[in-house]
Amino acid sequence: MLKLALVATSTIFLFSGCFNQNLKEEWTSFIYPDKENTKRSMKSGVYATLNECKEASLNKLKSLGLEGDYICGLNCTFNEEMKTEVCKKMAK
């Protein structure tokens, strides 16, 4: 009985490592040159933290002389079927 419990615990521990590999956070900056038109955006870079993404987004808008808007996406990937970036979470 103890042997079975030990094997089960070891197996769960090993498999949990396989499913939690993507714990690294990457924040993608999306710039909206025209804040009234959120369908038109440009990807502006990938950053390690949300704060870095926010700061870089604002700096990019300023350097382009735009009064647009931005949003940051967490762990984004391109979805080929939808032809767009899909993110786990969006934040500003």
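Structure shown above.
A brief report on the enclosed structure follows. (Residues numbered from 1 in each chain as written. Predicted model: local features only at pLDDT ≥ 70, side-chain atom pairs only at ≥ 80, totals over all residues. Heavy atoms only, no water.)

**Section: the nonpolar core**
Counting residues in each nonpolar core, the largest one holds eight residues, listed as W27, I31, C53, L61, Y70, C72, L74 and A91. Contributing elements (two or more residues each) for this core: β1 (27-32), α2 (50-63) and β3 (69-74). Of the residues forming this core, the biggest block, three residues, is contributed by β3. Those residues in contact with L61 that lie beyond four places of it in its chain are I31, Y32, L66, G68, D69 and Y70. (Core = buried A, V, L, I, M, F, W, Y, C linked by side-chain atoms within 4.5 Å. Buried < 20%, exposed > 50% of the residue type's maximum accessible area, 1.4 Å probe, protein only. Helix = DSSP H or I, 4+ residues; strand = E, 2+ residues; numbered from the N terminus. Contact = heavy atoms within 4.5 Å.)

**Comments concerning unusual backbone geometry**
Of note, the phi angle at N75 is positive, near 45°, even though the residue is not glycine. Counting through the fold element by element, N75 comes out in the loop between β3 and β4 (77-79). The phi angle at K83 is positive, at roughly 55°, despite the residue not being glycine. Relative to the helices and strands, K83 is located in the loop between β4 and β5 (84-86). A relative accessible area of 56% places K83 in the exposed class.

**Details of the pairing of β3**
With six bridges joining them, β1 and β3 adopt antiparallel strand pairing. Directly across from I31, in β3, lies its bridge partner Y70. By the bridge criterion, three bridges tie β3 to strand β6 (residues 89-91) in an arrangement that is antiparallel. Its bridge partner lying in β6, G73 is registered against M90. (Pairing = 2+ DSSP bridges.)

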